[in-house]
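# Observations on chain architecture
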Amino acid sequence: MISSCSVAGGSRLFERICKWYYNAAGFNKYGLMRDDTLHEDDDVKEALKRLPEHLYNERVFRIKRALDLSLKHQILPKDQWVKYEEDHHYLEPYLKEVIRERQEREAWNKK
């Protein structure tokens, strides 16, 4: 019983640290999501090509708005910031698939 309480307490602490770090990073103040800030290597570029059009258009809008705000040295009003709970990793399933395919191709080419 005691060990489950400490695990739950540790989980809450981890969640609080994650939220703090998310807000400290600052990209949410520009309306960006975590996946909007990924470095665009070959895998990410391929995953972006596989995104449904509406997700891709939403991403482009968020990035353009963030660039505009940055150039003006402004941030969004606090009620428009992306919250930790609202940030979903929309690119992650496509990126995992691309990485899996690349690793499979590399393993096949080694044979």
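Every chain is numbered on its own, with residues counted from 1 as its sequence reads. Since the coordinates come from a predicted model, pLDDT governs what is reported: local features require at least 70, and pairs of side-chain atoms require 80 or more to be given and counted, while whole-chain, interface and lining totals use all residues. To obtain the side-chain values, all non-hydrogen atoms of the structure were included, while hydrogens and water were left out.

### Regarding the overall build of the chain
Defined as follows: Put simply, DSSP H or I for four residues or longer makes a helix, DSSP E for two residues or longer makes a strand, and each gets a number counted from the N terminus. Only C-alpha atoms enter the radius of gyration, while the globule expectation follows 2.2 Å times N to the 0.38, with N the number of residues. Accessible area is worked out with a 1.4 Å probe on protein chains only. A residue is then buried under 20% of its type maximum, exposed over 50%, and partly exposed in between. The contact rule is simple, with two residues in contact once any of their heavy atoms fall within 4.5 Å. The protein chains shown are the only cover counted for residues, whose accessible areas, like all others here, come from Shrake-Rupley with a 1.4 Å probe. Asp and Glu count as negative and Lys and Arg as positive, but His and the ends of the chain are not part of the count. To locate a charge, the coordinates of NZ of Lys, CZ of Arg, CG of Asp or CD of Glu are taken.
Within the chain, the secondary structure is distributed over four helices and zero strands. Scanning the chain from its N terminus toward the C terminus, one meets helices and strands in the order α-α-α-α. Expected size for 111 residues packed as a compact globule is a radius of gyration near 13 Å; at 18 Å, the chain overshoots this value by more than 25%. Across its three principal axes, the chain shows a C-alpha extent of roughly 50 × 50 × 20 Å. Each of the 111 residues in the chain was classed as buried or not, and the buried ones make up 25%. Taking all contacts inside the chain whose residues are at least 6 apart in sequence as the whole, residues at least 24 apart take part in 83%. Within the structure as shown, the chain displays about 8500 Å² of accessible surface, and the carbon and sulfur contribution to it stands at 58%. Taking the average place of the 21 positive charges on the side chains of the chain and the average place of its 20 negative ones, the gap between the two points comes to 3 Å.

### Points about the packing of aromatic side chains
Basically, it comes down to this: Only centres within 6.5 Å qualify two rings of Phe, Tyr or Trp (six-membered ring in Trp) as a pair; their planes then separate them into stacked at under 30 degrees, edge-to-face at over 60, and tilted for everything else.
For the coordinates displayed, the defined rule picks out two aromatic pairs. Taken together, a centroid distance of 5.1 Å and an interplanar angle of 80° make the contact between Tyr-22 and Phe-27 edge-to-face. Each member of the pair, Tyr-22 as well as Phe-27, is classed as buried. Both rings, one in Tyr-22 and one in Tyr-84, keep their centres 5.6 Å apart while their planes meet at 75°; by these two values the pair is edge-to-face. Within this pair, whereas Tyr-22 is found in helix α1 (residues 2-25), its partner Tyr-84 is found in the loop between α3 (53-71) and α4 (92-110), the two being separated by 62 residues in sequence. With a relative accessible area of 8%, Tyr-22 lands in the buried category. The class for Tyr-84 is partly exposed, based on a relative accessible area of 26%.

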